[in-house]
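# Descriptive analysis of the structure
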Amino acid sequence: MELLGHGKGEYQYLHPNEDVNLGQSTNDVYPTAVKVATVFAVRGLLTSMAVLQDSFARKAVEFHDVLKMGRTQLQDAVPMTLGQEFSAYAVMIDEDRQRLDEAVQLIQEINLGATAIGTGLNAPAGYAESARRHLSEITGLPLVTAANLVEATQDCGAFVQMSGVLKRVAVKLSKSCNDLRLLSSGPRAGSGRSTCRRCRPVRASCPARSTR
């Protein structure tokens, strides 16, 4: 207002809602911005997980005939192949990628245009759809306007769902890392000494050691 040569509060010249915010509210703009950023971040994660899955799948083929001791609660159980173990890791990653894809579908539903509480107050007719269309063009994302903007404005279920799936991914990756660390224990000492039945005695060059 002052830059335009008017006094503070002379809203007949420039109104904060009608001219500046233009129908926007922190209650619809902020969640939408967070969702757009989340989709881009998760896409990067999905790409990295696909690379890891492919690596596990290749190792499953490479180690298909390498016998090792299977364990439960860190105790010797029954024999299995190293390929079977890596195959399990690959399937695990694939399942988590599917769950992330599902969570992303929920995140792509936005409430932009809902304004303060979801009623679209102070926004012109058709604003929500127009804003969604332009944002989709800018980001390249298949964004969808929520069917009920009041519900979408008060609901944080999509974020909870995404958080839960990301925690699931983190827990499974941590477990896999711990498995590989135990597998690498040895070969002359530690639990890895009894791991491989291809090498007698177990050698440092054993395929079971080449897990990277």
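These notes cover the structure that comes with them. (Residues numbered from 1 in each chain as written. Predicted model: local features only at pLDDT ≥ 70, side-chain atom pairs only at ≥ 80, totals over all residues. Heavy atoms only, no water.)

## So, the nonpolar core
- Formed by 32 residues in total, the largest nonpolar core has its most connected members in V42, F56, L82, F86, L100, M162 and L180.
- The set of elements that each furnish at least two residues to this core consists of helix 2 (26-62), helix 3 (82-107), helix 4 (127-139) and helix 6 (157-183).
- Counting residues per element, this core draws most heavily on helix 3, at ten residues.
- Dropping the residues within four chain positions of it, F56 is found in contact with F86, Y89, A90, I93 and L180.
- Counting residues in each nonpolar core, the second largest holds five residues, with A128, A146, L149 and A152 among its members. (Core = buried A, V, L, I, M, F, W, Y, C linked by side-chain atoms within 4.5 Å. Buried < 20%, exposed > 50% of the residue type's maximum accessible area, 1.4 Å probe, protein only. Helix = DSSP H or I, 4+ residues; strand = E, 2+ residues; numbered from the N terminus. Contact = heavy atoms within 4.5 Å.)

## So, unusual backbone geometry
- Unusually for a residue other than glycine, L22 sits at a positive phi of about 55 degrees.
- Mapped onto the secondary structure, L22 falls in the loop between helix 1 (16-21) and helix 2.
- For L22, a relative accessible area of 47% translates into the label partly exposed.
- Even without glycine at this site, T115 takes up a positive phi of about 55 degrees.
- For T115, the location among the structural elements is in the loop between strand 3 (109-110) and helix 4.
- According to the relative accessible area criterion, T115 is buried, its value standing at 4%.

## A look at the pairing of strand 2 (residues 75-81)
- Sheet topology places strand 1 (residues 67-72) next to strand 2; five bridges connect them, and they run antiparallel. Following the sheet pairing, M69 is matched in strand 2 by P79.
- The turn linking strand 1 back onto strand 2 is made up of two residues, and Q73 within it adopts a positive phi angle of 55 degrees. (Pairing = 2+ DSSP bridges.)

So far we have only geometry, and geometry alone does not tell us how the molecule works.
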